[in-house]
Amino acid sequence: MSHDDLPQHSQLPSFPDDFSTDAHRSVPLPDGLGDVDDRFVFDFRAYDDDLAEGRRWSTWLSVEPLSRGPEPLPEWVVTSQGAIDTELGVLKTGKEADVHLVERADPLDPDAGVVMAAKRYRSPEHRSFHRAASYTEGRSMKRSRDERAVKRKSTFGRQVAAGEWAVSEWGALVRFWNLGLPVPYPVQIDGTEILMEWITVVDENGTVATAPRLAQTRPSPQLLAAYFGQLTDALATMVQNGLVHGDLSAYNILAAGERLVIIDLPQIVDLVGNLNGMTFLQRDCANICGWFRSRGLDVDEHELFAELMAHAF
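Rules of the game
Residues numbered from 1 in each chain as written. Predicted model: local features only at pLDDT ≥ 70, side-chain atom pairs only at ≥ 80, totals over all residues. Heavy atoms only, no water. Helix = DSSP H or I, 4+ residues; strand = E, 2+ residues; numbered from the N terminus. Expected span 1.5 Å × (residues − 1). Buried < 20%, exposed > 50% of the residue type's maximum accessible area, 1.4 Å probe, protein only. Arc of directions from axis to C-beta. Contact = heavy atoms within 4.5 Å. Polar contact = N/O pair within 3.5 Å; in protein donor to acceptor, adjacent residues only side chain to side chain. Pairing = 2+ DSSP bridges. Axes fitted to C-alpha atoms, helices over the stretch in contact; angles between N-to-C directions. Parallel < 35°, antiparallel > 145°, perpendicular 65-115°, else oblique. Left-handed = near helix turned anticlockwise from the far one by under 90°. Nonpolar A, V, L, I, M, F, W, Y, C, P; charged D, E, K, R; others polar.

A.B. asks: If you had to explain helix α6 (residues 301-312) to someone new, which residues and values would you point to?
C.D. replies: End to end, α6 covers 16 Å across 12 residues, agreeing with the expected 16 Å (1.5 Å per residue, within 8%). Among all positions of α6, only Glu301, Leu304, Phe305, Leu308 and Met309 are buried. Buried residues of α6, seen end-on, are gathered within an arc of 140° and therefore sit on one face of the element. Exposed and facing more than 90 degrees away from the buried side of α6 are His302, Glu303 and Ala310. Close packing links the buried residues of α6 with α4 (221-240) and α5 (277-294).

A.B. asks: Mind laying out the side chain of Asp98, listing which residues take part and the relevant values?
C.D. replies: Note that Asp98 resides in strand β3 (residues 97-106). On the accessibility criterion, Asp98 (17% relative accessible area) is buried. At a separation of 3.4 Å, a polar atom in the side chain of Asp98 contacts the main-chain amide nitrogen of Gly94. Contact partners of Asp98, with chain neighbours within four places excluded, come to Lys92, Thr93, Ala118, Lys119, Arg120 and Arg122.

A.B. asks: Outline the pairing of strand β6 (residues 193-197), listing residues and values.
C.D. replies: For a regular strand, the rule is simple: side chains alternate between the two faces of the sheet. A large share of β6 lies buried, amounting to 5 of its 5 residues. Of the pairings in the sheet, the one linking strand β4 (residues 109-121) to β6 comprises 5 bridges and is antiparallel in character. Bridge pairing in β6 links Ala118 to Leu195. Pairing analysis gives 4 bridges linking strand β5 (residues 186-190) to β6, with the strands arranged antiparallel. Bridge pairing in β6 links Ile189 to Ile194.

A.B. asks: Residue-level account of the packing of α5 against α6, with values.
C.D. replies: The relative placement of two packed helices is expressed as an angle between their axes plus a distance between the axes. Where α5 meets α6, the axes come as close as 8 Å, and the angle between the chain directions of the two elements is 135°. Our classification of the angle between α5 and α6 gives oblique. Handedness of the α5/α6 crossing: right-handed. Residue-level inspection shows Met278, Leu281, Gln282, Cys285, Ala286, Cys289 and Arg293 of α5 in contact with α6, the latter providing Glu301, Leu304, Phe305, Leu308 and Met309. Grouping the amino acids of the contact of α5 with α6 by side-chain chemistry returns 9 nonpolar, 1 polar and 2 charged.

A.B. asks: Account for unusual backbone geometry, naming residues and giving values.
C.D. replies: Of note, the amide linkage connecting Glu71 to Pro72 takes the cis form, showing an omega dihedral of -5°. On the secondary structure map, Pro72 appears in the loop between β1 (55-57) and β2 (84-93). Of note, Asp264 is a non-glycine position whose phi angle comes to about 60°, a positive value. Within the secondary structure, Asp264 sits in the loop between β11 (259-262) and β12 (269-270). Classification of Asp264 by relative accessible area gives buried; the value is 19%.

A.B. asks: Quick one: what's the story with the sheet that holds β1, residue by residue and with numbers?
C.D. replies: Across the sheet, 6 strands lie side by side as β1-β2-β3-β4-β6-β5; this open sheet has antiparallel pairing. Looking along the sheet, the strands with just one partner apiece sit at the ends: β1 and β5. Going from strand to strand, the sheet's axes swing by 30° on average, the running direction of each strand aside. As paired strands, β2 and β3 are joined by 8 bridges and run antiparallel to one another. When the sheet's bridge partners are listed, Asp85 is paired in β3 with Arg104.

Written as structure tokens, this is what we have:
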């Protein structure tokens, strides 16, 4: 069969002499389609697929909804699918976890980026969690195999423990935030990494820095009394909801100007369900009151404990 014998509809179309194959050419809309509904118009923007070392695509949309922070989201949370996480360095190292700074920003909208704290629980070859058994009293795991592995302290058991402690802290952050307690906003959890609000202060020169631990501060008598009042209110809210921090001290409280922010929550315990609940609460009261007395504030741990018990029952 010759070319002339082909059906008419199979012949190649003819193009005008000025036709351009430029991918970015502007093509006029056909007559009658000039007024397109804005809901059907979008701006296509291309991203560079090659990421340098220390950068990754945002994991916001790759985790399940329950692994994202509570609604409503703060305005500063970046949810763009094109956002990139960039490692900025280590903020703090600890026995159980290290805290890094991570910037999340969309390259096409860098001004909307945000720096967050990324708490990453240590891998199995590092030191295991101290006093874990007393904190996990009353907790249960979904799989008995995991529970046995944790008790044996095997390599797999330490992996499970790291994940369990990350999940425990995530749950505590979400619960405390929903109760209105002064904790960093929990952005998301992915495996053993928790992304959360970076608590900062601004100095006289306008430099942004991590808020200091309460133990590092020397507040005025007026601010010292205000700090103690904030902690008393926070502890009262906790016990009213049957919760105890379990390891509260001036070293896991941040002083962000005139407000305090409580951090390090993986070990929170049930006041009644954990046999050590009352003991942990007494110790929290003793730690806090001891530090405030050392700064000149006349407070008593027994009075604080009695006041909290009045809120609890």
